[in-house]
Amino acid sequence: MRGKPLKTLIRLLAPAVFWLGLWLLAAALIDQPLFLPGPGLVFSTLWELLGTGRFWEHVLWTLLRVVSGTLLGVLGGVSAGVLTAFLPPADALLSPALRVGRAVPVASFIVLLLLWVGSDWVPVAVSAMMVTPVVWEDVRAGLASPGHDLLEMARAYGMGRFRRFRTVYLPAALPYCRTGILSSLGLAWKSGVAAEVLCTPRRAVGTQVYYAKLYLETPSLFAWTVTVVALSLLLEKAVRRALRKKEGGGGDAA
Amino acid sequence: MRLENVTFAYGDKVILRDFTLELPDAGVTALSGPSGCGKTTLLRLLAGLETPQSGRVDAPGLSKTVILFQEDRLLPHFTAAGQLRAVLPRGADPLPALAAVGLEREADTPVEALSGGMRRRVALARALAAAPGKRLLLLDEPFTGVDAENAKKIMKSLRSLRLPILLTAHDAESLRMADTVLTFSGPPLREL
C-alpha cells in the first residue's frame, strides 16, 4: 500500500528531473549564461523577482488581460458557433471571415490593433481574436453532432425550438466547447504575451520580457518565461476543474 | 385509419406498392411479419414522418400521434426522469409514467447506467407520458428486451390511455396481448 504513493511521486517527478538535468548539462557545457543560463541562476533570478511588489503587479495585469481576452474570445466563439450552425445567412457571412481571421499571422493582428486601440488593450483583443475561431469551430461541430435519430425524436415528441436546443443540441455541444476552450487557452497566453512584448504596456509580463531581451538579461528572460508557463498551466488546470464540475452537474436541463 | 393505394420507396427499393389497408380505430392491433418487410415504414407513414410518393394516408398526423421508435432514442447523459421532463409540459411530474413501467426507483439514474431492457422501459414511459391529448399510439417493437411480466403491466397502462394502439412485434407474447393481429410479407408489403 505504501509503495503506491511513492511510485506516483516518482512517475510525476521523473520527467521534471530528467529535463532539468538536461538543461543543467547543456548550460554547463555551453558555460555562457548570456546564451543559456542554468536552472540555478534562472530560479534564483525568479526568487528575487518574486520578492518584489512590481513582479506581482506585472503578473496581475497580464493575467487580467489574458483572462479578459479569453472570456471575450469564448463569448465571440460561442455566439458565432450558434449563429453559423442555425442561420445560413450568418454562416455565409461569418464563416469565411473567421477562417481568414484564423490564418492571419498574430504579428499582423498586433501591429494593426496597435494602430486602432491603445497599447493596454491590444493583448486583450489579440487573445480574444486567437480564441474566437478555435471555440467557434468546436461549438459549430458540436451543434452539428446530434444524429438524425435524436432530432427526429425531438420533432416527433413536439419539442419546441428552445427545448430542443437545451436538451439535444446543448449537451452535444458542451464537450466540444470544453475542448475548444482548453485548447485555445495556450493560444491566448502565447498571443497575449507576444502582444505585450510588441506593445510594451506599462505593467505587463511581456514588457518585462522585452526589457530583458533589450538589456540582454537572459536569466531574467528565462525567469519571466517560467512565470508565463506556470501561469498558463495553473489557469488551464483551474479552467479544466471548473469545466469538469460543470459537466458533472448532469444533463437534465429540461 | 386507412392507407389507400400508397406507394413508397427508399431510393430504388420499393417498400409499399399500391398498398391499401384499413386499420381498426380502437384497441391494440399488432403488425406481424419478417424483419424488413415494411412494418416500420408503415408506422412511419402513419405517423407522418414519411410522405408517400403516391396514394393517401388517413391518420391523425404527427402532432396527434405518439411514436415509440424501434431504437430507444434516449437523450445521452439525461436521467430517466430527465428523458420524460424533456417531453412533458413544464413542471409536470414524470414519476407516474416511470411507475407505470416499474422504474420509479431509477428516476434519478442516468440512462447510461441502465440495462438495455430498462432503457426500453424508459422509452416506453416517455411515450406514455407524451400520450395525453393524442389520438394514436404507434409502437415499433415495444417490448424488445422487456421481460414478460413487465410487458403485461406496461400494456395494461397503455390500454388505460384508451387510444388506438398499433404495434409491430415478432414475439408470440406481444402478439397474444393484441386484439387484432395482421400478418404481412414483403417488401413490397403485402397482407397475408
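Given the structure is predicted, the values throughout are model-derived calculations rather than measurements.

Cut-offs and rules
Residues numbered from 1 in each chain as written. Chains lettered and ligands numbered in written order. Predicted model: local features only at pLDDT ≥ 70, side-chain atom pairs only at ≥ 80, totals over all residues. Heavy atoms only, no water. Salt bridge = Lys/Arg side-chain N within 4 Å of Asp/Glu carboxyl O. Buried < 20%, exposed > 50% of the residue type's maximum accessible area, 1.4 Å probe, protein only. Helix = DSSP H or I, 4+ residues; strand = E, 2+ residues; numbered from the N terminus. Pairing = 2+ DSSP bridges. Axes fitted to C-alpha atoms, helices over the stretch in contact; angles between N-to-C directions. Contact = heavy atoms within 4.5 Å. Left-handed = near helix turned anticlockwise from the far one by under 90°. Nonpolar A, V, L, I, M, F, W, Y, C, P; charged D, E, K, R; others polar. Expected span 1.5 Å × (residues − 1). pLDDT = per-residue confidence, 0-100. Buried area = accessible area lost by both parts, 1.4 Å probe. Polar contact = N/O pair within 3.5 Å; in protein donor to acceptor, adjacent residues only side chain to side chain.

## Overview of the pattern of salt bridges
All names here are of chain B.
Now for step 1: Tallied over the full model, the rule gives 17 salt bridges over all chains.
Now for step 2: Close ionic contact of Glu-50 with Arg-44 constitutes a salt bridge, the shortest N to O distance being 2.8 Å. Per residue, the accessibility class of Glu-50 equals that of Arg-44, and both read buried.
Now for step 3: Ionic pairing is found between Asp-179 and Arg-159, a salt bridge with its closest N-O pair at 2.9 Å. Of the two residues, Asp-179 is situated in the loop between α6 (172–176) and β8 (180–185) and Arg-159 in helix α5 (residues 148–160); the sequence distance between them amounts to 20 residues.
Now for step 4: With relative accessibility at 47%, the residue Asp-179 sits in the partly exposed group.

## Some details on the sheet that holds strand β2 (residues 13–22) of chain B
All names here are of chain B.
Now for step 1: Judged by pairing direction, the sheet is antiparallel, and its three strands sit side by side in the order β2-β1-β4 without closing on themselves. Across the chains shown, the open sheet's two edge strands, defined by having one partner strand only, are β2 and β4 (54–58). Within the sheet, the average angular offset between the axes of one strand and its neighbour, ignoring direction, is 30°.
Now for step 2: Sheet topology places strand β1 (residues 2–10) next to β2; six bridges connect them, and they run antiparallel. Its bridge partner lying in β2, Phe-8 is registered against Leu-16.
Now for step 3: Across the sheet, helix α1 (residues 39–47) touches β1, β2 and β4, and the angle it forms with β1 is around 115°.

## Some words on the packing of helix α3 (residues 53–86) of chain A against helix α6 (residues 122–143) of chain A
Residue and element names in this part refer to chain A.
Now for step 1: Across the interface, α3 lies against α6 with an axial gap of 6 Å and an inter-helix angle of 35°. Here α3 runs over α6; the crossing is right-handed.
Now for step 2: The class makeup of the residues in the contact of α3 with α6 is 16 nonpolar, ten polar and two charged.

## Some remarks on helix α4 (residues 116–130) of chain B
Owing to its 3.6 residues per turn, the α-helix aligns residues three or four sequence positions apart on the same side.
Now for step 1: Along its 15 residues, α4 of chain B runs 21 Å from first to last C-alpha, staying within 8% of the 21 Å computed at 1.5 Å per residue.
Now for step 2: Here α4 of chain B has its buried residues at Gly-117, Arg-120, Arg-121, Val-122, Ala-123, Leu-124, Ala-125, Arg-126, Ala-127, Leu-128, Ala-129 and Ala-130 of chain B.
Now for step 3: Turning to α4 of chain B, the residues buried within the fold contact α7 (148–156) of chain A together with β5 (65–68), α2 (80–85), α3 (95–100), β6 (136–140) and α5 of chain B.

## Concerning the confidence of the model for chain A
Now for step 1: When pLDDT is averaged across chain A, the result is 90; 95% of the residues are at 70 or more.
Now for step 2: The lowest-confidence element of chain A is helix α5 (residues 106–116) of chain A, averaging 85 in pLDDT; the highest-confidence one is α7 of chain A, averaging 95.

## What to know about the sheet that holds strand β7 (residues 165–169) of chain B
What holds strands together in a sheet is hydrogen bonding between their backbones, with the strands either parallel or antiparallel.
All names here are of chain B.
Now for step 1: Reading across from one edge, β5-β6-β7-β3-β8-β9 is the order of the six strands in this open sheet, with mixed pairing throughout. Looking at strand neighbours, the two that pair on one side only are β5 and β9 (190–191), the edges of this open sheet.
Now for step 2: Here β6 runs beside β7; their pairing, made up of four bridges, is parallel. Opposite Asp-140, over in β7, you have Thr-168 as the bridge partner.
Now for step 3: On the sheet, α4 packs against β5 and β6 and is oriented at approximately 180° with respect to β5.

## Brief notes about the interface of chain A and chain B
Now for step 1: Contacts between the two partners involve 17 residues from chain A, matched on the other side by 26 residues from chain B.
Now for step 2: Summed over both sides, the interface of chain A with chain B buries roughly 1800 Å², with 55% coming from carbon and sulfur.
Now for step 3: Where chain A touches chain B, the interface holds three salt bridges.
Now for step 4: A salt bridge links Asp-149 of chain A to Arg-73 of chain B; the nearest nitrogen and oxygen atoms lie 3.4 Å apart.
Now for step 5: Taken together, the connections running from chain A to chain B amount to seven residue pairs in polar contact (both at pLDDT 80 or more).
Now for step 6: Elements supplying a minimum of two residues to the side of chain A that touches chain B: α7 and α8 (161–199) of chain A.

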